[in-house]
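# Chain and residue survey
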Amino acid sequence: MSGRGRLGDLLGIDHPIVQGPFGGGLSSVALAAAVSEGGGLGSYGAHILTPDAITGLVTDLKAATSRPFAVNLWVPLAGERSALPDNAAFTAHTERLRPYYDELGVAAPTFEDVEALPDFDAQIDALLAAAPPVISFVMGIPPRRVVDEARRRGIALIGTATTVDEALALEDTGLDAIVASGSDAGGHRGAFLAPLRESLVGTFSLVPQIVDAVTAPVIAAGGIADGRGIRAALTLGADAVQIGTAFLATRESGASDVHKRRLGTPAARTTVLTRLFSGRTARGIPNRFVHDMAAYEDAVPPYPVQNALMQPIRRAAAAQGRPEYVNLWAGQAAALAHEGLGAREYLAHLVEELTRQDVPFPSSPAS
């Protein structure tokens, strides 16, 4: 084994650091390429993309970096496609949000504006044909045919587990590496074998249990933003770490400026789980919208309906510089992020921290 460790040997990366994939437009080719060029594994969240867009994305990533990178997809949740409300229920959900549409000066979406979920089979077929070096998954287990075809094409597969049982199921399916995603992690939760409330295991409780249960390389995710967190995860047996929120704060990420400016501040010390922005449970920094609408957590429709209802509000708020109505996805180490750094600069600092103690972060550029 080389000094790069098991994951480095598997994927051909120099450092045990994976950039978390971001959905909903928060990923960027520039971010993934910068991390990969720096010796980590850059990632791009493609779950909202059409098959043609996925083909183009992989072409762009291959042009931007000659190093390994990952493209991430969501495995469909059972019953989600049939969970659309009727017109009367949709109108009621719309009227609940009417004050926010009016305040931000945007039109409420119509029932016809709710787009059907992308066809996963078509997405994965396009992705396999495009042959990125790595494909990663959240929310479930890819079909066996996908695993067999990826192996035939030389594509490494990474699955995401929120519990030990999920990790065992992913390994049994033949995936090459497993992300142990603790409840500390920002963004959408990916539990798929048990109810969410039974799948909220903290990162540093989850990692050693998954390490003991599987033989595949384990990637620790959730609440890791600096060298201390990386060393702790490696000490618990992880082969690498996946860092999301802190890379979301870098210049290359697709996050809005109002989102980035909240990361690394005292406001980021508190995060909550909420369904209010998309209809799926996700972790983010609470704001006025989360507090005002807290009583409706269980009443909002599931994804993708609530996501469509909130899209005009989120976009207008970001454009108007109003963070109180933006989905500020963040993990529980968000206050350790450093807004304004370049992704490769941040990665290099993490690598330096792994070998030295008390390395100060470089100053962020003046905004």
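So, here's what we can say about the structure. (Residues numbered from 1 in each chain as written. Predicted model: local features only at pLDDT ≥ 70, side-chain atom pairs only at ≥ 80, totals over all residues. Heavy atoms only, no water.)

### Section: the pattern of salt bridges
Going by this rule: Take a side-chain nitrogen of Lys or Arg and a carboxyl oxygen of Asp or Glu: if they are within 4 Å of each other, that pair is a salt bridge. Numbering of helices and strands runs from the N terminus; a helix is a DSSP stretch of H or I covering at least four residues, while a strand is a stretch of E covering at least two. Burial here depends on accessible area, computed with a 1.4 Å probe over protein chains only, as a share of the maximum for the residue type. Under 20% is buried, over 50% is exposed, and the range in between is partly exposed.
For the structure shown, the criterion picks out 13 salt bridges. Taking the shortest distance from any N to any O, the salt bridge between Glu-95 and Arg-98 comes out at 2.7 Å. Across the salt bridge formed by Arg-152 and Glu-149, the nearest N and O atoms sit 2.8 Å from each other. Linking Arg-152 with Glu-149, this pair stays in helix H7 (residues 144–153), spanning 3 residues, or about one helical turn. Among the residues examined, Arg-152 registers a relative accessible area of 61% and is labelled exposed. Salt bridges sharing partners connect three or more residues here, namely Glu-103, Arg-288, Asp-292 and Arg-322.

### Examining empty space enclosed by the protein
Defined as follows: In this analysis, the protein atoms alone were mapped onto a 1 Å grid. Cavities are point sets where a 1.4 Å probe fits without being able to get out; pockets are open sets with protein on both sides within 12 Å along at least five of seven lines; lining residues have an atom within 4 Å of a point. Grid points are joined across faces, edges and corners, and a volume is the space filled by probe spheres set on the points. Residues are sorted three ways: Asp, Glu, Lys and Arg are charged, Ala, Val, Leu, Ile, Met, Phe, Trp, Tyr, Cys and Pro are nonpolar, and all the rest, Gly among them, are polar.
Taken as a whole, this structure holds 1 cavity of 30 Å³ or more when the rule is applied. Computed from the structure, the largest cavity encloses a volume of approximately 140 Å³. Along its surface, the largest cavity is lined by 12 residues, and His-47, Trp-74, Pro-76, Leu-117 and Pro-118 are the ones closest to its centre. Of the residues that constitute the lining of the largest cavity, the class distribution is 7 nonpolar, 2 polar and 3 charged.

### Focus on the packing of aromatic side chains
Threshold: By convention, a stacked pair of Phe, Tyr or Trp rings (six-membered ring in the case of Trp) has centres within 6.5 Å and planes under 30 degrees apart, an edge-to-face pair has planes over 60 apart, and any other such pair is tilted. Should the NZ of a Lys or the CZ of an Arg lie within 6 Å of a ring centre and within 35 degrees of the ring normal, that charge is described as sitting over the ring.
Applying the stated criterion across every chain yields a total of 8 aromatic pairs. Aromatic pair Tyr-100 and Tyr-325: ring centres 5.6 Å apart, planes at 65°, arrangement edge-to-face. Here Tyr-100, found in helix H5 (residues 98–104), pairs with Tyr-325, found in the loop between helix H14 (305–319) and helix H15 (343–355); they are 225 residues apart in sequence, far enough to count as distant. Taken together, a centroid distance of 5.2 Å and an interplanar angle of 40° make the contact between Phe-277 and Phe-289 tilted. A residue pair is termed long-range when its members are at least 10 positions apart, and Phe-277 in the loop between strand S10 (272–274) and strand S11 (282–284) and Phe-289 in helix H13 (residues 288–292) qualify at 12 residues. Connected via pairs of aromatic rings, a cluster forms that spans Tyr-100, Phe-277, Phe-289, Tyr-325 and Trp-329. The ring of Tyr-303 carries the charged tip of Arg-280 above its face, separated from the ring centre by 5.0 Å.

### Side note on the layout of surface pockets
There is about 250 Å³ of room inside the second largest pocket. Around the second largest pocket sit Leu-77, Arg-189, Ala-191, Ala-194, Pro-195, Leu-196, Arg-197, Arg-275, Gly-279, Arg-280, Thr-281 and Pro-302, which together line it. Taken together, the residues of the lining of the second largest pocket sort by class into 6 nonpolar, 2 polar and 4 charged.

### Quick word on the packing of helix H8 (residues 164–173) against helix H9 (residues 203–213)
We count it as follows: Axes here mean lines fitted to C-alpha atoms, for a helix over just the part in contact, with angles spanning 0 to 180 degrees between N-to-C directions. If you view the pair so one helix is near and one far, a crossing is left-handed when the near helix is turned anticlockwise from the far one by less than a right angle, and right-handed when it is turned clockwise. Working rule for contacts: check all heavy atoms of both residues, and any pair within 4.5 Å makes them a contact.
It is at 9 Å that the axes of H8 and H9 come closest, and there the two elements cross at 35°. Note on packing geometry: the crossing formed by H8 with H9 is right-handed. Where H8 approaches H9, its residues Val-164, Ala-167, Leu-168 and Glu-171 are matched on the opposing element by Leu-206, Gln-209, Ile-210 and Ala-213. Classifying every residue of the contact of H8 with H9 by side-chain character gives 6 nonpolar, 1 polar and 1 charged.

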